[in-house]
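# What the coordinates show
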Amino acid sequence: MEYNFGIIAYCGAIGIASLFNEKAALWVKGRKGIWKRMEAAGREKGRLVWFHASSLGEFEQGRPVIEKLKEREPYTKILLTFFSPSGYEIRKNYPGADYIFYLPMDTPANARRFMKIWHPDAAVFVKYEYWYNYLRELHEREVPTYLISAIFRREQPFFKKWGGLYRRMLRFFTRLYVQDEESVKLLASIGITHVQQTGDTRFDRVKQIADAAKRIEKVEAFCNDRRAVVCGSTWPGDEEIIMDYINKQEGDFKWIIVPHEIGEGHIRDILNKCHKPVARYTDENADVTKCQVLVVDTIGVLSSIYRYGSISYIGGGFGKGIHNTLEAAIYGIPVIFGPKYHKFKEAVDLIDCGGAFSIKDKEQFTSLLDSLINSPAIAEAAGQSALKFVNKQLGATDAIIRQLVE
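These remarks concern the structure in this document. (Residues numbered from 1 in each chain as written. Predicted model: local features only at pLDDT ≥ 70, side-chain atom pairs only at ≥ 80, totals over all residues. Heavy atoms only, no water.)

Counted under the stated rule, the structure contains 29 aromatic pairs. Seen from their ring centres, Tyr245 and Trp255 are 5.7 Å apart, and the 55° between their planes marks the pair as tilted. Here Trp255 lies in strand E9 (residues 254-259) and Tyr245 lies in helix H12 (residues 236-248), a separation of 10 residues in the sequence. Given a relative accessible area of 0%, Trp255 falls into the buried group. A cation over an aromatic ring shows up here: Lys254 above the ring of Phe222, its NZ or CZ 4.4 Å from the ring centre. (Phe/Tyr/Trp six-rings, centres within 6.5 Å; stacked < 30°, edge-to-face > 60°. Helix = DSSP H or I, 4+ residues; strand = E, 2+ residues; numbered from the N terminus. Buried < 20%, exposed > 50% of the residue type's maximum accessible area, 1.4 Å probe, protein only. Lys NZ or Arg CZ within 6 Å of the ring centre and 35° of its normal.)

As structure tokens, this is what we get:
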């Protein structure tokens, strides 16, 4: 089969890339000796549900389902696999799963060996993971298999004349849980009707995160009850626009910048470009109360920092695409991002409901920020629209879990 030859070729290409690419090297290293590690882990007796996520973002979509299932069935064991190092390396110690591994390459022999070791009682693939041999093996073994938080677009292979293999994979699933009505219609057009529109589990996840948000004393001292703009997951393209505005700004509005990359060179570059009183988050000697800008040079706090904002800016929109807008929207604050957002349904929907704004250059950013800062009522109304939108989307996890419980 051409598919299997393609998998082998892909594996060879990754092996070559691993000689000079760190992520590819982790991909290869993480799979060395994987069968011995799986067999040594020793599947315990009892019910086991297998969750597979491509990377970190997909894991976060699957996480509320994992945790709800564990809450309902503490005795059920969870096997979690990742395709990408950016998921596995960050979540390899996730306490919600009993077993965590990279997914071995999708060959017929690997799929059979995997099933022989784990014998899953159910399987859950997150968003857009389609591995033919694994799905076929699950189907032949009559293992209930689900795809969650899925979204389909007309340009995908499923809807092309040559997409027969992809359409066959969809028929291996017991049920497809999709985000929107358009996905339901597209699937119906190719005869796929075992579909349910439940929405996106990410909404449930950001609600969980917001409910568990930490109080951050340094950020509270910095804000000192004054309004703040939180700029999350920013890249240099975003920071150029943001710093230009900050340096020209009059008034006492606070700014919190949380860059996506926190290497020392990047942090120093941001600090050097800032002409206002600025401090870095990890500087224990800095008096943040006297600063107008705070640069967060650590990870793991952004989702909690959004609670201190009156306005948010989400980075990535001048590069490959924006980061998580929902982590800010859940706090009822307006969301701003760059022009590359159209592949992100929640961003499009946030703009449509008046909770978010897209800018394409410094001039648009300046005009928008001036409006939101000088007219708090406008910012408040946009923020409430964002919060209302998020709250309306909650509940996908509960709809899915009814199918998964034993």
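Here we come to the environment of Tyr245. Overall, the relative accessible area of 7% leaves Tyr245 in the buried class. Spatially, the C-alpha atoms of Tyr245 and Arg31 are 47 Å apart, while their sequence positions differ by 214 residues. Here Tyr245 is in contact with Trp255, Phe365, Thr366, Leu369, Asp370 and Ile373, once residues within four sequence places are set aside. (Contact = heavy atoms within 4.5 Å.)

Here we come to helix H1 (residues 2-17). With 16 residues, H1 extends 22 Å between its outermost C-alpha atoms, agreeing within 8% with the 22 Å of an ideal straight helix rising 1.5 Å per residue. Among the residues of H1, those classed as buried are Tyr3, Asn4, Ile7, Ile14 and Ala17. Mapping the buried residues of H1 onto a view down its axis gives an arc of 140°, with all of them on the same face. Residues of H1 that are exposed and angled more than 90 degrees away from the buried face: Glu2, Phe5, Ile8 and Ile16. (Expected span 1.5 Å × (residues − 1). Arc of directions from axis to C-beta.)

A word on the pattern of salt bridges. Under the criterion given, the structure shown has 27 salt bridges. The salt bridge partner of Arg91 is Glu60, with a shortest N-O separation of 3.3 Å. Residue Arg91 is located in helix H5 (residues 85-91), and its partner Glu60 is located in helix H4 (residues 56-72); the two are separated by 31 residues in the primary sequence. The salt bridge partner of Lys77 is Asp98, with a shortest N-O separation of 4.0 Å. Remark: Asp98 occurs in the loop between H5 and strand E3 (99-102) and Lys77 occurs in strand E2 (residues 77-82); sequence separation between them is 21 residues. Residue classification places Asp98 among the partly exposed positions, given a relative accessible area of 33%. (Salt bridge = Lys/Arg side-chain N within 4 Å of Asp/Glu carboxyl O.)

With 72 residues, the main nonpolar core has Trp50, Phe51, Phe114, Phe152 and Leu404 as its most contacted residues. Ignoring anything within four residues of it in the chain, the contact list for Trp50 reads Leu79, Thr81, Leu103, Phe114, Met115, Pro120, Ala122, Ala123, Val124, Phe125, Tyr134 and Leu138. Among the nonpolar cores identified, the runner-up in size contains 38 residues, and Val219, Val258, Ile322 and Phe389 belong to it. (Core = buried A, V, L, I, M, F, W, Y, C linked by side-chain atoms within 4.5 Å.)

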